[in-house]
Amino acid sequence: MLFLIELGKMKSWGLALLVLMLIQKQGIFQQVGAADGFVKTSGLHFVLNGLPYHANGFNAYWLMYVASDPSQRSKVSSAFSEAVSHSLTIARTWAFSDGGYRPLQYSPGSYNEQVFQGLDFVISEAGKYGIKLVLSLANNYENFGGKKQYVDWGRSQGQYLTSDDDFFRNSVVKGFYKNHVKTVLTRRNSITGVVYKDDPTIMAWELMNEPRCTSDPSGRTIQAWITEMAAYLKSIDGNHLLEAGLEGFYGQASQKKQQYNPNFQVGTDFIENNQIPGIDFATVHSYPDQWFSSSSDEAQLSFLNEWLNNHIQDAQNILRIPLLFTEFGKSSKTSGYSTYQRDLVFNTVYSAIYSSARSGGPAVGGLFWQLLTEGMDSFRDGYEIVLSESPSTANVISQESHKLFVLRKMYARLRNIQKWKRARAIRRAQWLNRNKGKNTGN
């Protein structure tokens with residue numbers, strides 16, 4: 001793209017800002033796009049309405065669950081309103097709840113309409129606030145059912161299953177999952193009337209939250225499952241982006257990079273899994289406070305810096321696709337916790353993202369875990385951010401949002417310059433053609 005090439009020619013960010021100041025004085029503007037189109041990819045970047053799209057965001061897994069009770073829907077609206085006031089424009093949430101209390105899916109193919117209407121409300125409300133959604137379709141863990149519930153359903157239908165990891169192998173269980181994918185993607189929103197697969201409010205689908213298959217550390221099982229499910233989902237929905245839900249661990253297929261992992265294997269591989277056809281962008285989760293709980297804050301931050309930069313480099317040099325940091329945070333339940341330490345974690349993640357984004361790299365944004373609004377004490381897990389209660393962290397979040405917004409405006413204006421130059425060249429060529437052979441004076 002010409003405007004990306006022009007940006008790449010600039011010797012420094014300061015020069016880019018100087019150019020923008022001159023542009024502003026000349027009155028060359030273009031409105032930065034609202035959230036009215038489908039987010040696509042172009043090389044290392046997300047693209048929205050023809051422009052590179054960088055955005056700050058959050059996790060709120062609870063949205064559908066809370067919205068399934070109409071009397072509690074104001075909490076969803078409040079969360080979106082508070083998010084937008086801090087320029088947060090991407091939300092990641094669950095589009096699953098399998099078995100158990102107030103489920104979306106009672107049993108394979110049997111759905112709870114009231115909970116589905118809760119998800120309808122979430123999508124409708126997100127659209128009103130200009131928030132893009134990443135919707136996850138299943139869970140690796142037992143919370144909200146997870147792969148264990150699918151395997152239990154398989155056993156109840158006579159399948160001989162010895163491990164929860166049979167979720168990834170058994171054809172009957174995989175059929176249950178595919179049916180859920182199809183049911184969600186082809187759902188017609190009861191509020192907007194728009195079928196989910198046709199709704200640009202949804203930015204991307206996620207195959208599974210943190211897929212892990214520890215029974216096969218070779219990675220072949222997860223690789224085969226992602227390959228099969230990515231192809232299936234894309235056969236239904238060609239509008240939306242897709243990601244696998246990975247945490248970013250390196251597997252046996254990337255042995256030289258395993259040194260950068262926390263000290264465990266989960267049967268996934270950041271490189272190999274993200275090279276599967278149909279996977280549009282890579283994801284990374286970052287929890288050094290969990291992975292190195294006995295280490296000092298300094299050691300955790302050192303790991304975090306290396307973890308972030310290694311994945312940015314791999315997305316840029318090997319995968320050649322965008323990279324979204326879909327979970328990060330610091331728990332207030334850890335020993336010696338302070339808001340200052342949490343803000344350091346946020347600033348570390350945001351600095352890595354912005355440094356990559358401003359130089360045309362693959363990092364497109366980060367989603368902290370997790371956003372709550374007031375009156376949701378039962379959802380607190382130590383990682384919660386209630387913006388009204390956390391002024392210093394809210395300020396860190398707002399600053400990152402602003403910087404990414406300015407970056408989007410810069411891309412918009414650079415593209416507008418290119419349009420203006422092309423239009424001027426066309427007009428001059430037309431004028432010369434009309435006046436060919438005429439004496440035009442000086």
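Residues numbered from 1 in each chain as written. Predicted model: local features only at pLDDT ≥ 70, side-chain atom pairs only at ≥ 80, totals over all residues. Heavy atoms only, no water.

Right, let's talk about the overall build of the protein chain for a bit. Helix and strand counts for the protein chain come out as 13 helices and 15 strands. In the protein chain, once contacts between residues fewer than 6 apart in sequence are set aside, the share between residues at least 24 apart is 74%. When the accessible area of the protein chain is evaluated, it comes to approximately 18200 Å², of which 48% is carbon and sulfur surface. (Helix = DSSP H or I, 4+ residues; strand = E, 2+ residues; numbered from the N terminus. Contact = heavy atoms within 4.5 Å. Areas by Shrake-Rupley, 256 points an atom, 1.4 Å probe, with all protein chains shown as cover.)

Glancing now at the side chain of K174. In this structure, K174 sits in helix α7 (residues 171–185). On the accessibility criterion, K174 (14% relative accessible area) is buried. Of note is the side chain of K174, whose polar atom sits 2.9 Å from the side chain of E228. Among all residues touching K174, those that are not within four sequence positions of it are F167, F168, R169, W225, E228 and M229. (Buried < 20%, exposed > 50% of the residue type's maximum accessible area, 1.4 Å probe, protein only. Polar contact = N/O pair within 3.5 Å; in protein donor to acceptor, adjacent residues only side chain to side chain.)

Before going further, it helps to spend a moment on the sheet that holds strand β9 (residues 202–206). Taken together, the eight strands give an open sheet; going across it, the order is β10-β9-β8-β5-β4-β13-β12-β11, and neighbouring strands pair in parallel fashion. At either end of the open sheet lies a strand with only one pairing partner, and these are β10 (241–243) and β11 (282–286). Sheet twist, expressed as the mean angle between neighbouring strand axes with direction ignored, is 25 degrees. As judged from the five bridges shared by β11 and strand β12 (residues 323–328), these two strands associate in the parallel manner. Its bridge partner being in β12, A282 is matched across the sheet by L323. Relative to strand β13 (residues 363–368), helix α12 (residues 339–358) is tilted by about 160 degrees, and along the sheet it contacts β4 (56–59), β12 and β13. (Pairing = 2+ DSSP bridges. Axes fitted to C-alpha atoms, helices over the stretch in contact; angles between N-to-C directions.)

Ordered in space as β1-β2-β3, the three strands form an open sheet in which the pairing is antiparallel. Unpaired on one side and paired on the other, β1 (40–42) and β3 (51–52) mark the two borders of the sheet.

For the rest of this paragraph, the subject is the environment of Y196. Assignment of secondary structure puts Y196 in the loop between α7 and β9. The exposure class assigned to Y196 is buried, which follows from its relative accessible area of 0%. Considering only alpha carbons, one finds Y196 and D237, 41 residues apart in sequence, at a separation of 9.3 Å. Within polar-contact distance, the side chain of Y196 engages the side chain of D120 at 2.5 Å.

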